[in-house]
Amino acid sequence: MIAPSILSADFARLSDEMAAVGGPGRGADWLHVDVMDAHFVPNLTLGLPVVESLLRSTDTPLDCHLMIDAPDRWAPGYAEAGAHNVTVHAEAAEDPVALAKNLRAAGANAGLSVKPDTPLEPYTDVLKHYDTLLVMSVEPGFGGQKFIERVLEKVRAARRMVDTGHLNLLVEIDGGINSDTIEQAAEAGVDCFVAGSAVYGAEDPARAVEGLRARALDASAHGSA
Ligand code: DX5
Ligand code: ZN
């Protein structure tokens, strides 16, 4: 699956930018929405009122990535608004199990994200309550950064836990994904690829999505062969 990140889109034309990659005949499976609060990360983007408007202007499921402090307090609002996935950071959540239950009760899939230096082991049991694991392959905060290859070890570990039935979730990767890096991520076992600058920095964003998907499918076919 491919989830273009609208962080790299033109914020004055978000509706058109979403339509450029989503909707009938277009390739985005989800649209990735980066919520940043200038506390958990140094950058500031958008919040719930904007997400509510985005939900009204697209049929493509929204994948909300909350890079915020106190997600226990704020994340359920995004689920209640109708986001398909609500992803919170393991480093910020106070009670990630209770939070996942609240997100699911509000009708969303629950996602847990880990920064590049956050290990997975302490969260193995917690992840049983989650629908997606978002492995950050850059330090969260900004688009257009370089892919951090060492996080693929975490992807492989998560893939093994899913394949052996210890976890039941989608493995998602976020940061520095482009036509060069997507292959190694696919081989490591990623299910869903977030891509911001590689999609919205391209001349034709819809074609960029299809190009990424083709590379990922090709690489995962080789990876499992
Ligand atoms: C970074 C965000 C990413 C960002 C990825 O903190 O979480 O979703 O949009 O952008 P690229 O694909 O340009 O690295
Ligand atoms: Zn993101």
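If you're wondering where the values come from, they're calculated on a predicted model, not measured in any experiment.

Conventions adopted
Residues numbered from 1 in each chain as written. Chains lettered and ligands numbered in written order. Predicted model: local features only at pLDDT ≥ 70, side-chain atom pairs only at ≥ 80, totals over all residues. Heavy atoms only, no water. UniProt positions renumbered as here; feature names shortened; annotations may be inferred. 1 Å grid on protein atoms, 1.4 Å probe; cavity = no way out; pocket = protein on both sides within 12 Å on 5 of 7 lines; lining within 4 Å. Contact = heavy atoms within 4.5 Å. Polar contact = N/O pair within 3.5 Å; in protein donor to acceptor, adjacent residues only side chain to side chain. Helix = DSSP H or I, 4+ residues; strand = E, 2+ residues; numbered from the N terminus. Axes fitted to C-alpha atoms, helices over the stretch in contact; angles between N-to-C directions. Parallel < 35°, antiparallel > 145°, perpendicular 65-115°, else oblique. Left-handed = near helix turned anticlockwise from the far one by under 90°. Buried < 20%, exposed > 50% of the residue type's maximum accessible area, 1.4 Å probe, protein only. Donors = N, O, S within 2.8 Å, 3.2 Å for Na, K, Ca; no water. Tetrahedral: all angles 85-135°; square planar, octahedral: opposite > 155°, others 65-115°.

Draft legend 1. Fine view of the UniProt feature "active site" (unreviewed entry) in the chain. Residues given the UniProt feature "active site" (unreviewed entry) here are Asp34 and Asp174. Across 141 residues in sequence, these annotated residues keep their C-alpha atoms within 10.6 Å of one another, forming a single compact spot. Narrowing the list just given to those that line the largest pocket leaves Asp34 and Asp174. Beyond its immediate stretch of four places on either side in the chain, Asp34 contacts Ser5, Leu7, Thr45, Leu46, His65, Met67 and Asp174. Here Ser5 takes part through its side chain, which lies 2.8 Å from a polar atom of the side chain of Asp34. With respect to the helices and strands, the residue Asp174 is situated in strand β7 (residues 170-174). What Asp174 contacts, discounting residues up to four positions off in sequence, is His32, Asp34, His65, Leu134, Val135, Met136, Ser137, Val138 and Val194. Of the polar contacts made by the side chain of Asp174, one reaches the side chain of His32; its length is 3.2 Å.

Draft legend 2. Summary view of the packing of helix α3 (residues 71-81) against helix α4 (residues 96-105). At a minimum axis separation of 8 Å, α3 and α4 run at an interaxial angle of 20°. Accordingly, the angle class assigned to the pair α3 and α4 is roughly parallel. In the crossing of α3 with α4, the sense of the turn from one axis to the other is right-handed. In this structure, α3 contributes Pro71, Asp72, Ala75, Pro76 and Ala79 to the contact, and α4 contributes Leu99, Asn102 and Leu103.

Draft legend 3. Examining the UniProt feature "binding site: a divalent metal cation" (unreviewed entry) in the chain more closely. Following the UniProt record, the feature "binding site: a divalent metal cation" (unreviewed entry) maps to His32, Asp34, His65 and Asp174 here. A stretch of 143 residues holds the annotated residues, and the largest C-alpha distance among them is 10.6 Å, short enough that they meet in one place. Residues from the named set that contribute to the lining of the largest pocket are Asp34, His65 and Asp174. Note that His32 resides in strand β2 (residues 31-36). We classify His32 as buried; its relative accessible area is 0%. Filtering out sequence-adjacent residues up to four positions away, His32 remains in contact with Ala3, Pro4, Ser5, Ile6, Asp63, His65, Leu134, Glu172, Asp174 and Val194. Within the secondary structure layout, Asp34 lies in strand β2. The class for Asp34 is buried, based on a relative accessible area of 6%.

Draft legend 4. Examining the coordination of the zinc ion (ligand 2) more closely. Protein-derived coordination of the zinc ion (ligand 2) comes from His32 (NE2), Asp34 (OD), His65 (ND1) and Asp174 (OD), at a distance range of 2.0 to 2.3 Å. If you look at the zinc ion (ligand 2), its 6 donor atoms make angles of 72 to 172° with each other, and the shape they trace is octahedral. One chain supplies every donor for the zinc ion (ligand 2), spaced along it as H-x1-D-x30-H-x108-D. Of this pair, His65 sits in strand β3 (residues 62-67) while Asp174 sits in strand β7, and the two are 109 residues apart along the sequence. A single burial state applies to His65 and to Asp174, both of which are buried.

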